[in-house]
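Descriptive analysis of the structure
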Amino acid sequence: MVHPLAIIGMSDHHTRIQMGGSPLHPSSPVLGLLFGWQDGLDICIIDSEEIEYSHSSSSTPPSNGEFGFGRGADTEVTSHQQSIRLKIELHQKVFPTHELIGWYRVGNTIIPEDLYINNHPSSIVKELNESPLFVLMNPDAEDGSNELPISIYESLVTMGQGNDAGPSEQPRAVFVGLDFELETGEPERIAVEKVFKAQATDGASGLDLHLDSVTSSVESMRTRIATLLDFLRKTHSKEIPVNYNLLRQVDGLLRQLPVLADDNLTTEFDNEYDDMMTLAFLASVAKTAKVVQGYSDKFKHVQDFSNSKVMRGGMFR
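Just so you know, these numbers come straight off a predicted model, no measurement behind them.

1. Regarding the overall build of the protein chain
Each helix and strand counted, the protein chain has eight helices and six strands in total. Mapped from its N terminus to its C terminus, the protein chain presents α and β elements in the order α-β-β-α-β-α-α-β-β-β-α-α-α-α. Within the protein chain, contacts between residues separated by at least 24 positions form 57% of all contacts whose residues are at least 6 apart in sequence. Surface exposure of the protein chain reaches about 22,400 Å², of which carbon and sulfur atoms provide 58%.

Rendered as structure tokens:
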């Protein structure tokens with residue numbers, strides 16, 4: 001499962017570098033770490049954290065054997081290693097339940113160095129996670145595409161063809177694509193909507209944005225209901241095998257909905273309506289009595305002032 005917060009973090013990292021909002025050159029590699037949790041075979045990517053990349057004209061690994069992200073000089077790689085470890089430590093202090101799941105890179109295709117980073121024994125991700133995930137975000141995705149521009153891979157060791165001097169088969173690591181689902185929590189949904197509303201509206205009013213949000217929500221609910229009904233119809237007509245687990249979930253969902261044809265519900269609704277109308281009537285009566293009381297106080301004050309003025313006038317005649 002992938003949360004929108006991680007995708008937004010990767011996209012924001014790439015955008016800042018490309019638009020000049022980062023001290024790094026626009027051609028710099030865009031890499032970062034992925035945090036989340038893992039329970040057996042279930043992996044959830046919740047957040048992303050950008051990291052630096054070691055730059056150097058040399059293409060050979062550093063002599064001290066340390067390897068992280070990049071192949072810079074010894075002092076450069078050591079500095080980056082310390083910075084990356086500090087970021088991991090600070091992130092886990094704020095989110096103690098998060099663990100390092102893997103890393104990401106923004107690019108069009110997989111390059112040989114991706115496997116080197118992912119599987120090198122001295123790599124940080126390999127040190128903290130023996131089977132790290134690699135997420136590749138494609139910045140040149142086609143406009144209008146309904147698919148997220150990210151791919152998730154895990155590395156597997158397979159037996160490849162050897163050379164003439166060696167054995168016929170040699171183990172080698174390859175990336176294997178994984179299926180994933182988008183998981184959105186309530187706080188994330190609110191945050192994403194807040195970011196969307198904070199964008200330029202091109203003269204649209206707050207009401208227009210609210211109606212667009214409601215329309216989108218209703219359309220999403222309609223699509224999900226249609227999918228659910230299609231599943232039930234195909235299950236009833238035996239077009240697909242019966243999935244009792246899903247049917248129990250559907251039954252639990254339906255039991256949470258009120259039954260509109262229930263006499264008890266109708267009676268309860270009528271009672272609540274009568275109570276509401278009674279409270280509204282009492283509130284109106286109380287408001288009217290307050291207005292009358294205020295009017296009476298003002299009339300009494302004016303009358304007392306007039307009487308006192310008449311009495312003072314009679315005394316001086």
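Back to the write-up after that little detour.
2. Some details on unusual backbone geometry
Not every positive phi belongs to a glycine, and K238 is a case in point at roughly 60 degrees. By secondary structure assignment, the location of K238 is in the loop between α6 (206-236) and α7 (244-255).

3. Quick word on the pairing of strand β2 (residues 42-50)
Pairing of strand β1 (residues 31-39) with β2, which is carried by eight bridges, proceeds in the antiparallel orientation. Along β2, the bridge assignment pairs L33 with E49. Turn length for the β1-β2 hairpin, with the two strands adjacent in sequence and antiparallel, is two residues, and the turn residue G40 shows positive phi of about 70 degrees.

4. Considerations on helix α3 (residues 112-119)
Turning to α3, its buried residues number three or more, namely D114, I117 and N118. In a view along the axis of α3, the buried residues occupy a sector of 95 degrees, so they form one face of it.

5. A word on the nonpolar core
Formed by 16 residues in total, the largest nonpolar core has its most connected members in M10, I45 and V135. If we skip the residues at most four places from it in the chain, M10 touches L34, S48, Y104, V106, V135 and M137. Of all hydrophobic cores here, the second largest spans 15 residues; its members include I51, W103, V125 and L136.

6. A look at the pattern of salt bridges
For the structure shown, the criterion picks out seven salt bridges. In this structure, the salt-bridge partner of K93 is E89, at a minimum N-O distance of 3.6 Å. Note that K93 and E89 are positioned in helix α2 (residues 74-94) at a spacing of four residues, about one turn of the helix. Under the relative-accessibility criterion, K93 is labelled exposed at 60%. Here K234 ties to D230 by a salt bridge, and the two come within 3.4 Å at their closest N and O atoms. Placement of both K234 and D230 in helix α6 is noted, with a separation of four residues, approximately one turn of the helix. A residue is classified by how much of its surface remains accessible, and D230, at 34% relative accessible area, is partly exposed. Linked by salt bridges that have partners in common, D12, R16 and E50 make up one network.

7. Structural notes on the confidence of the model for the protein chain
For the protein chain, the mean per-residue pLDDT works out to 78, and 78% of the residues sit at or above 70. Of all secondary-structure elements in the protein chain, the lowest mean pLDDT belongs to helix α5 (residues 186-198), at 66, while strand β4 (residues 133-137) reaches the highest, 90. In the predicted structure, residues 56-68 sits below a pLDDT of 50 and forms 29 contacts with residues beyond four places in sequence or in another chain. Under a pLDDT of 50 for its full length, residues 162-166 has, in the predicted model, five contacts with residues more than four places off or in other chains.

8. Here's the deal with the packing of aromatic side chains
For the structure on display, the rule yields four aromatic pairs. Aromatic pair F134 and Y153: ring centres 6.2 Å apart, planes at 25 degrees, arrangement stacked. Remark: Y153 occurs in strand β5 (residues 150-161) and F134 occurs in strand β4; sequence separation between them is 19 residues. According to the relative accessible area criterion, F134 is buried, its value standing at 0%.

9. Quick notes on the pairing of strand β3 (residues 99-106)
Regular strands place their side chains on alternate faces of the sheet. For β3, the buried fraction is high: seven of the eight residues fall into the buried class. Bridging between β1 and β3 involves six bridges; their strand directions are antiparallel. Residue pairing across strands places L31 opposite R105, the latter belonging to β3.

10. Observations regarding a nonpolar patch on the surface
On the surface, V214, V218, M221, I225 and L229 cluster together into a nonpolar patch covering about 410 Å² of accessible area. Here I225 is to be found in helix α6.

11. Here's the deal with helix α1 (residues 4-18)
Spanning 15 residues, α1 covers 21 Å between terminal C-alpha atoms, matching the ideal 21 Å at 1.5 Å per step. The positive-phi residue at the C-terminal boundary of α1 is G20, with phi of around 85 degrees.

What counts, and at which threshold
- Residues numbered from 1 in each chain as written.
- Predicted model: local features only at pLDDT ≥ 70, side-chain atom pairs only at ≥ 80, totals over all residues.
- Heavy atoms only, no water.
- Helix = DSSP H or I, 4+ residues; strand = E, 2+ residues; numbered from the N terminus.
- Contact = heavy atoms within 4.5 Å.
- Areas by Shrake-Rupley, 256 points an atom, 1.4 Å probe, with all protein chains shown as cover.
- Pairing = 2+ DSSP bridges.
- Buried < 20%, exposed > 50% of the residue type's maximum accessible area, 1.4 Å probe, protein only.
- Arc of directions from axis to C-beta.
- Core = buried A, V, L, I, M, F, W, Y, C linked by side-chain atoms within 4.5 Å.
- Salt bridge = Lys/Arg side-chain N within 4 Å of Asp/Glu carboxyl O.
- pLDDT = per-residue confidence, 0-100.
- Phe/Tyr/Trp six-rings, centres within 6.5 Å; stacked < 30°, edge-to-face > 60°.
- Patch = residues over 30% accessible without salt bridge, like charges linked within 9 Å, V, L, I, M, F, W, Y side chains within 5 Å.
- Expected span 1.5 Å × (residues − 1).

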